[in-house]
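# Chain and residue survey
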Amino acid sequence: MNNSEFDLIKKYFTFPVTRDDVLIASGDDCASVSVPDDKQLLITTDTLIAGVHFPEKTSPEDIAYKAIMVNLSDLAAMGATPSWITLAISLPAIDQSWLTAFSQQLHIVLSRFNISLIGGDTTRGPLSITIQAMGLCDKGKVLRRDKARPGDKIYVTGELGDAVVGLHSVLNELDDTALLPCIHRLNRPEARVSFAEQLTDYSVCAIDVSDGLIADLGHILEASQCGASVDLSAIPLSLSVQYFFWNYHNNVIDWPMVLTQGDDYELCFTLDEKNQAAVIALAEQQQLRLSCIGEITESGELLCFDEAQQAIHFSETGFKHF
Ligand SMILES: [Mg+2]
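Read on for an overview of the structure.

The rules behind the values
- Per chain, residues are indexed from 1 in the order of the written sequence.
- The predicted origin of the model limits local features to residues at a pLDDT of at least 70 and limits the giving and counting of side-chain atom pairs to 80 or more, whereas totals for whole chains, interfaces and linings rest on all residues.
- Here the side-chain values reflect all heavy atoms present in the structure, with hydrogen atoms and water set aside.
- Counting from the N terminus, the helices are the DSSP runs of H or I reaching at least four residues and the strands are the DSSP runs of E reaching at least two.
- Here the globule rule is a power law, 2.2 Å times the number of residues to the power 0.38, and the radius of gyration is based on C-alpha atoms.
- To sort residues, take the accessible area from a 1.4 Å probe on protein chains only and compare it with the maximum for the residue type: under 20% means buried, over 50% means exposed, and anything in between is partly exposed.
- The patches reported here contain residues having more than 30% relative accessible area and no salt bridge. Joining distances are 9 Å for like charges and 5 Å for nonpolar side chains (Val, Leu, Ile, Met, Phe, Trp, Tyr).
- Surface exposure here means Shrake-Rupley accessible area, sampled with a 1.4 Å probe, where a residue is shielded only by the protein chains that are shown.
- The rule for a salt bridge is simple: a side-chain nitrogen of Lys or Arg has to be within 4 Å of a carboxyl oxygen of Asp or Glu.
- Stacked, edge-to-face and tilted labels apply to pairs of Phe, Tyr and Trp rings (six-membered ring for Trp) whose centres lie within 6.5 Å, assigned for plane angles under 30 degrees, over 60, and everything in between, in that order.
- We define the nonpolar core as a collection of buried residues of types Ala, Val, Leu, Ile, Met, Phe, Trp, Tyr and Cys that are connected through side-chain atoms lying within 4.5 Å of one another.
- We call two residues contacting when some pair of their heavy atoms lies within 4.5 Å.
- For Na, K and Ca the donor cutoff is 3.2 Å, while for all other metals N, O and S atoms count as donors only within 2.8 Å; water does not appear among the atoms, so some sites may look incomplete.
- Polar contact is the term for a pair of N or O atoms within 3.5 Å; when the atoms are in protein, one must be able to donate a hydrogen and the other to accept it, and sequence-neighboring residues count only if both atoms are side-chain atoms.
- For two strands to count as paired, DSSP must find a minimum of two bridges between them.
- To estimate the expected span of a helix, count its residues, drop one, and scale the result by 1.5 Å.

## Regarding the overall build of the protein
- For the protein, the count of helices and strands is 10 helices and 13 strands.
- Compactness check: the protein gives a C-alpha radius of gyration of 20 Å against a globular reference of 20 Å for 322 residues, within 12% of the reference.
- Counting only C-alpha atoms, the protein reaches 65 × 50 × 35 Å along its principal axes.
- Across the 322 residues of the protein, 51% fall into the buried class.

## A look at a nonpolar patch on the surface
- On the surface, a cluster of nonpolar side chains totalling about 240 Å² of accessible area is made up of V35, L41 and I43.
- Among the structural elements, V35 can be located in the loop between β2 (32–33) and β3 (39–49).
- Under the relative-accessibility criterion, V35 is labelled partly exposed at 34%.

## So, unusual backbone geometry
- Even without a glycine there, the phi angle at E173 is positive, about 45°.
- On the secondary structure map, E173 appears in the loop between α4 (162–171) and α5 (180–187).
- Assessed through its relative accessible area of 61%, E173 is described here as exposed.
- A positive phi angle, near 70°, is found at D263, a position not held by glycine.
- Examined against the element boundaries, D263 turns out to sit in the loop between α9 (255–260) and β10 (266–271).

## Description of the pattern of salt bridges
- A full pass over the atoms with the stated rule returns 12 salt bridges.
- Linking E295 and K153 is a salt bridge whose minimum nitrogen-to-oxygen distance equals 2.7 Å. Linking E295 in strand β11 (residues 290–297) with K153 in strand β7 (residues 153–157), this pair joins segments that are 142 residues apart in sequence.
- Among the ionic pairs, R289 bridges to E159, the shortest N-O distance being 2.8 Å. Note that R289 is positioned in the loop between α10 (276–285) and β11 and E159 in the loop between β7 and α4, a separation of 130 residues in sequence.

## Re the packing of aromatic side chains
- Scanning the entire structure with this criterion turns up 8 aromatic pairs.
- With centroids separated by 5.7 Å and ring planes inclined at 15°, the aromatic side chains of Y155 and F269 adopt a geometry described as stacked. Residue Y155 is found in strand β7, and its partner F269 is found in strand β10; the two are separated by 114 residues along the sequence.
- F269 sits in the buried class, given a relative accessible area of 0%.
- An angle of 70° between the planes, with centres 5.1 Å apart, marks the rings of F244 and F245 as edge-to-face.
- A relative accessible area of 3% places F244 in the buried class.

## Side note on the nonpolar core
- Membership of the largest hydrophobic core comes to 39 residues, with the highest contact counts inside it found for F13, L72, L87, F102, L106 and I129.
- For this core, the elements supplying multiple residues, two or more each, are β3, α2 (60–77), β4 (81–91), α3 (96–112) and β6 (128–138).
- The greatest single-element share of this core, amounting to 9 residues, is contributed by α2.
- Excluding its chain neighbours within four sequence positions, the residues that come into contact with F102 are F13, P60, I63, A64, L87, I89 and I129.
- Formed by 34 residues, the second largest nonpolar core is a distinct cluster that contains L213, I220, I235 and L237.

## A look at the coordination of the magnesium ion
- Surrounding the magnesium ion are the protein donor atoms D74 (OD) and D208 (OD), at 2.1 Å. In this pair, D74 is assigned in helix α2 and D208 in strand β8 (residues 205–209), connecting sequence segments 134 residues apart.
- By relative accessible area, D208 is classed as buried at 2%.

## Overview of the side chain of N187
- Note on placement: N187 falls in helix α5.
- Given the relative accessible area of 14%, N187 is considered buried.
- A polar contact is formed between the side chain of N187 and the side chain of D62, at a distance of 3.4 Å.
- With near-sequence residues (within four places) excluded, N187 lies in contact with T58, D62, Y65 and K66.

## A short note on the pairing of β7
- The buried fraction of β7 amounts to 5 of the 5 residues, a majority that puts the element mostly inside the structure.
- Along β7, one buried face is formed by K153, Y155 and T157 and the opposite face, lined by I154 and V156, is buried too.
- Of the pairings in the sheet, the one linking β7 to β10 comprises 4 bridges and is antiparallel in character. Residue pairing for β10: K153 is matched across the bridge by L271.
- Across 5 bridges, the pairing between β7 and β11 is antiparallel. Paired with T157 across the two strands is L290, which belongs to β11.

## Structural notes on α3
- In a regular helix each residue adds 1.5 Å, so 17 residues correspond to 24 Å; α3 covers 24 Å between its end C-alpha atoms and thus fits that length.
- Those residues of α3 not exposed but buried are W98, L99, A101, F102, S103, Q105, L106, V109 and L110.
- Of the residues one or two after α3, N114 is the one with positive phi, at around 50°.

In structure tokens form, the structure reads like this:
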């Protein structure tokens, strides 16, 4: 990459730093930030590749939005408040209008959460975006996968399945306006940041649903060495998803599609019974749908029951990364 290209990139990815905990941002070999004594630093990274994580024709705005949100969702999964990101971007060519749109949308999301972009790297290659996000959580209040206990109730935020229905709609060119909300959810997931920040007062165990509920709840069960019983009739489905199955699937819900494909970016967490009322009130206050979908058991198995109390088995458990 020659100097003019380098300057171009620098122009698009140097935003004003608004946080006073950023000691050194761009312009040196490393960035430097300060972490308060009573906080714990959480770090996560996610790569989005064109054709793998989003359809090739996805708009630069949607790519920017999703690239940052999937990282914020991982921070939310552990109860952290997002603070800083770094960005590594690989581009097939310098396309000024693409870069303008991408960088403006990125800046909008970063401003909304008061996150500073503190460094990054650019290379020429197939379109790929890697964001590393860092966040802060009160010491000892981090939500973890290995803290579920038998008897805990299992909750999910929002609704599941919209993104996969949206992807199906895009890939099969269904061209049905009733499914536009699903496409919107696919492109513009909403990390549950503010809910997660407050959830740390009541829960100790959470994960974000990025690879499908079965796989992600499975990670909690494996780490916590317990099982779960899930009531499929309690799984929250949007009206658009219900419409999709009614109209395109003989009114039969395809549970493997809803629960093993991913991209939901909702939170799945466990609660001791005594904390349920407080968390339900918190969700109501934030106007966030919250559903109790089952209970942690000692069995070591994840059992899902349909309305007729029949156990449903899932052969594919989630999005496969390789
Ligand atoms: Mg995650």
